[in-house]
Amino acid sequence: MASKPSGMAGFDAYYSSLWGERWESLRRFLLEPEIQVLRWNRWVLSELDSLPADDFLKGCARRPSDFAGPGRTHSGLLDCYVMDPASVIAARCLPVKDGDLVLDLCAAPGGKTLILAENLVQSGELVANELSPERRGRLQKVIQNYIPREARERIWVRGQDGSRWGLKQPNHYDAVLIDAPCSGERHLLENPTELDSWSPKRGESLAHRQYALLCSAFMATAPGGYFLYSTCSINTVENEAVVRKFVKKKFGFQIQTPLGLNLAAAGSDPTTPAGSDHTTSLGPEQREFGQIFLPDQCGFGPLYFCLFQKKA
Ligand code: SAM
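An account of the accompanying structure is given in this report. (Residues numbered from 1 in each chain as written. Predicted model: local features only at pLDDT ≥ 70, side-chain atom pairs only at ≥ 80, totals over all residues. Heavy atoms only, no water.)

1. Focus on the site of the ligand
Working step 1: Of all residues adjacent to the ligand, which total 20 residues, the nearest are E130, R135, D161, G162 and D179.
Working step 2: Considered on its own, the ligand offers 610 Å² of accessible surface; in the complex 87% of this is hidden by protein.
Working step 3: Among the cavities detected, the one that contains the ligand is the largest pocket.
Working step 4: Looking at the shell around the ligand residue by residue, the classes come out as eight nonpolar, six polar and six charged. (Near = heavy atom within 4 Å. Areas by Shrake-Rupley, 256 points an atom, 1.4 Å probe, with all protein chains shown as cover. 1 Å grid on protein atoms, 1.4 Å probe; cavity = no way out; pocket = protein on both sides within 12 Å on 5 of 7 lines; lining within 4 Å. Sits in = over half its atoms within 2 Å of the grid points. Nonpolar A, V, L, I, M, F, W, Y, C, P; charged D, E, K, R; others polar.)

Okay, structure coming up:
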C-alpha cells in the first residue's frame, strides 16, 4: 500500500486537496505576521486614564507596531492582553452571565479564560483546566496578573485530562469551552523542523482527541447550557468532520448561530474567499457546521468554532 505523502510537499498537497485554489492565498496569509489586538482588562478599566480611540473590536485596539508590552496599573494588575481578534470574538460567542458555572476545558495560556471570567462580575464560578503542567503554570500567572483577588477566589485551576471530565461531573456547567489542541498551521509553517515531520496522521490523531474532548464537554454541560468547540486549524478533519461525527453519534443538543455574529458574505463555493479584499469584513465564514475566520478573508485567524446548546 502506498504511504501517504509527508513533510513539506505532503503538507502542501494535503491542504491543496482540502482548499483547492484557495490554498495558495491561505498559505501566503498564514505566513504574514499575525494581526493582534490589545484587549483591555475589564477589571481595571476605571484605573486607565484613556484608551486608544481605535474601536476595531469592542474593548480592543489594534496592537501598535511599537507596542512594548502590557503596563501595570495601580492595583498591580496588567492593563491589556494581546490576542488574535478571532479568538476574542469566538470566546465571546459562548454565552456566559453573572452567576454561571463555567468550565474552560483546555485553558492555557488563558486568553479566553480571561474573557469568560470577566462575565462573572459579581458571582459565578470558573474552572480553568489544563493538562500540561508547564502550560498550567503560565495559566496561573495569567490569572494572577489580570484578575483581582476577590474574583480569583471564584476561579479554580485544574490539571485533568479534559476528555474524562464529563464522566466526573455530568450535567453540571452552564457553559463549557473546548478550545482544543490542534494542528495550528500558522505555527507549523513557521517551524521547518516540525513541518519536516508532518504527516496527515497528525490531524487524524488530533481529531480523535478533539472528538473525545467535545463528547466530554457535552456530558459536563447542564441541560439548557451551552458548549463551544474551537480550534485554530484550517484542517476540516479537525473542524467540521469532528462536529459531523458528533452530530451523527450523539443527540440531545442543537447547533446555534451565535447572537450578533456578523457573517461574511461567503460564496456557495467554500474554496473561494468570501471577499475580494481581505479587510472588507470582520465576520467569519459559515461552514457546513459552525463558522471560521480565515486570514485571507479578514486578515486574522484562523479560528474555527461551533456553538451548541444542550436540550433542556
Ligand atoms: N484556550 C487557550 C487560550 O485561549 O489561551 C488555548 C488552548 S490551546 C489551543 C489547547 C490547550 O489544551 C493546550 O494548552 C494543551 O496543553 C491543552 N490540552 C491538550 N490535551 C488536553 C486534555 N486532554 N485535557 C486538557 N487540556 C489539554
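2. Observations concerning the pattern of salt bridges
Working step 1: The tally for this structure, following the rule as stated, stands at nine salt bridges.
Working step 2: The salt bridge partner of R22 is E285, with a shortest N-O separation of 2.7 Å. Here E285 lies in strand β10 (residues 285–286) and R22 lies in helix α2 (residues 22–31), a separation of 263 residues in the sequence. In this structure, R22 and E285 share a single accessibility class: buried.
Working step 3: Connected through salt bridges with shared partners, the residues R22, E285 and D296 form a single ionic network. (Salt bridge = Lys/Arg side-chain N within 4 Å of Asp/Glu carboxyl O. Helix = DSSP H or I, 4+ residues; strand = E, 2+ residues; numbered from the N terminus. Buried < 20%, exposed > 50% of the residue type's maximum accessible area, 1.4 Å probe, protein only.)

3. Examining the packing of helix α10 (residues 200–220) against helix α11 (residues 240–249)
Working step 1: Look at α10 against α11: their axes get within 10 Å of each other, and the N-to-C directions meet at 50°. It follows from the interaxial angle that α10 and α11 lie oblique. The way α10 lies across α11 gives a crossing that is right-handed. For the pair α10 and α11, the contacting residues are A207, H208, Q210, Y211, L214, C215 and F218 in the first and V242, K245, F246 and K249 in the second.
Working step 2: When grouped by side-chain class, the residues that make up the contact of α10 with α11 number seven nonpolar, two polar and two charged. (Axes fitted to C-alpha atoms, helices over the stretch in contact; angles between N-to-C directions. Parallel < 35°, antiparallel > 145°, perpendicular 65-115°, else oblique. Left-handed = near helix turned anticlockwise from the far one by under 90°. Contact = heavy atoms within 4.5 Å.)

4. What about the packing of helix α3 (residues 85–92) against helix α4 (residues 111–118)?
Working step 1: Two elements in contact, α3 and α4, have axes whose closest approach is 9 Å; the angle formed by their N-to-C orientations is 40°. In terms of orientation, α3 and α4 fall into the oblique class. Helix-helix and strand crossings are classified by hand; for α3 and α4 the assignment is right-handed. Where α3 approaches α4, its residues S87, V88, A91 and R92 are matched on the opposing element by K112, I115 and L116.
Working step 2: Looking at side-chain class alone, the contact of α3 with α4 contains four nonpolar, one polar and two charged residues.

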